[in-house]
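A structural walkthrough
Next come the chains, spelled out residue by residue.
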Amino acid sequence: MSLEARNTSYRYDRNTWVFQQLNIQIQQGEVIGLWGPSGCGKTSLGRILAGYAEPVAGHVFLDGKPLPHTGACPVQLVFQHPEKAVNPRWRMRRVLQEAAVQDEPLFEALGIQANWLDRRPSELSGGELQRFCVARALGSATRYVIADEMTTMLDAITQAQIWHTVMDVARQRNLGLLIISHDRELLNRLCDRITVMPTSL
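Below: a short report on this structure. Since the structure is predicted, the reported quantities are computational estimates derived from the model, not experimental observations. (Residues numbered from 1 in each chain as written. Predicted model: local features only at pLDDT ≥ 70, side-chain atom pairs only at ≥ 80, totals over all residues. Heavy atoms only, no water.)

Here we look at the packing of aromatic side chains
Tallying each qualifying case throughout the model produces 4 aromatic pairs. Each ring, one from Y10 and one from Y12, has its centre 6.0 Å from the other, and the planes form 90°; the classification is edge-to-face. By way of ring pairs, the aromatic residues Y10, Y12 and F19 are connected into one cluster. The ring of W35 carries R184 above its face, with NZ or CZ at 5.2 Å from the centroid. (Phe/Tyr/Trp six-rings, centres within 6.5 Å; stacked < 30°, edge-to-face > 60°. Lys NZ or Arg CZ within 6 Å of the ring centre and 35° of its normal.)

Set out below in structure tokens:
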């Protein structure tokens, strides 16, 4: 049971390769760190693994089969900037309902307050909004979570609460977790192993 990018290449235009022939595999129940400096392609790889972008070459496989593009996706991506990941016109209750997430113990663990559910994204702080994005990513159909610098912009207390909850849920549900970060200390603390992105081709 694994999520795998095999012989994957990606470029922004005809002349600028981000990475070529890259391979990465995440097993269910495994916490993998993806480390590298800004601009090395970590986010692009995360988007490809979650089905948000198509590689120029190579393929993404879920349990040996192509990643499905219909129904509830078992691979969820949590972006660094939560305001870009939700419809600004929707209230947060609808954001969660669309993802069929109604896990009140999870909301409590993430510090989501009941009165936030009727607010729009613009009425929440970045930390409050990111808690909703994390909750949405941890729906019942999820088997893999890709966390792309998801707490970089948050204060230390909020970071600790979110990571504690995500790691606890991942252990309970045997989720595969890919943590994308340039923070090597964070990865050393949370991950079973760390993959280093190539920085030159």
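On we go.
Notes on the pairing of strand β7 (residues 144-148)
For β7, the tally of buried residues reaches 5 of 5 residues, placing the bulk of the element in the interior. Side chains Y144, I146 and D148 of β7 all project onto a buried face; the interleaved residues V145 and A147 project onto the opposite face, where all are buried too. Relative to β7, strand β6 (residues 75-78) is paired through 4 bridges, and the arrangement is parallel. Counterpart to L77 in the pairing with β7 is I146. Summarising the sheet, β7 and strand β8 (residues 176-181) pair through 5 bridges and their orientation is parallel. Its bridge partner being in β8, Y144 is matched across the sheet by G176. With helix α5 (residues 156-173) bridging β7 and its parallel neighbour β8, the resulting β-α-β unit is right-handed. (Buried < 20%, exposed > 50% of the residue type's maximum accessible area, 1.4 Å probe, protein only. Helix = DSSP H or I, 4+ residues; strand = E, 2+ residues; numbered from the N terminus. Pairing = 2+ DSSP bridges. Right-handed = clockwise from strand over helix to strand, strands pointing away.)

Some points on the side chain of S2
Residue position: S2 is located in strand β1 (residues 2-11). At a separation of 3.4 Å, a polar atom in the side chain of S2 contacts the side chain of Q25. Once residues within four sequence positions are removed from consideration, S2 is found in contact with Q25, I26, Q27, F61, L62, D63 and Y144. (Polar contact = N/O pair within 3.5 Å; in protein donor to acceptor, adjacent residues only side chain to side chain. Contact = heavy atoms within 4.5 Å.)

Observations concerning the pattern of salt bridges
For the coordinates displayed, the defined rule picks out 5 salt bridges. One salt bridge in this structure joins D63 and R143, with 2.4 Å as the shortest N-O distance. Remark: R143 occurs in the loop between α4 (126-137) and β7 and D63 occurs in the loop between β4 (57-62) and β5 (65-66); sequence separation between them is 80 residues. Judged by its relative accessible area of 22%, R143 falls in the partly exposed class. In this structure, R93 and D118 form a salt bridge, with 3.2 Å as the shortest nitrogen-oxygen distance. A residue pair is termed long-range when its members are at least 10 positions apart, and R93 in helix α2 (residues 92-98) and D118 in the loop between α3 (104-110) and α4 qualify at 25 residues. (Salt bridge = Lys/Arg side-chain N within 4 Å of Asp/Glu carboxyl O.)

Re the sheet that holds β7
Here 5 strands make up an open sheet; going across it, the order is β6-β7-β8-β3-β9 and the pairing parallel. One side of each edge strand has no neighbouring strand; the edge strands of this open sheet are β6 and β9 (193-196). Here the strands of the sheet are splayed against their neighbours by 20° on average, with no regard to which way each runs. Where helix α1 (residues 42-49) meets the sheet, its contacts fall on β3 (31-35), β6, β7 and β8, and the angle it forms with β8 comes to roughly 155°. (Axes fitted to C-alpha atoms, helices over the stretch in contact; angles between N-to-C directions.)

Quick notes on the nonpolar core
In this structure, F132, V134, M150, W163 and I179 are the most contacted members of the largest nonpolar core, which totals 40 residues. Mapped by element, the contributors of at least two residues to this core are α2, α3, α4, β7, α5, β8 and α6 (184-190). The residues contacting W163, other than those within four sequence positions of it, are A147, M150, T151, I179, L186 and L190. Counting 27 residues, the second-largest nonpolar core is a separate cluster that includes V18, L22, L45 and A50. (Core = buried A, V, L, I, M, F, W, Y, C linked by side-chain atoms within 4.5 Å.)

Topic: the sheet that holds strand β2 (residues 17-27)
Pairing within the open sheet is antiparallel, and its 4 strands lie in the order β2-β1-β4-β5. Since the sheet does not close on itself, it has two edges, and those belong to β2 and β5, each with one partner. Bridge count for β4 against β5 is 2 bridges, and the pairing is antiparallel. Residue F61 lies in a different strand from β5, and its bridge partner there is P66.

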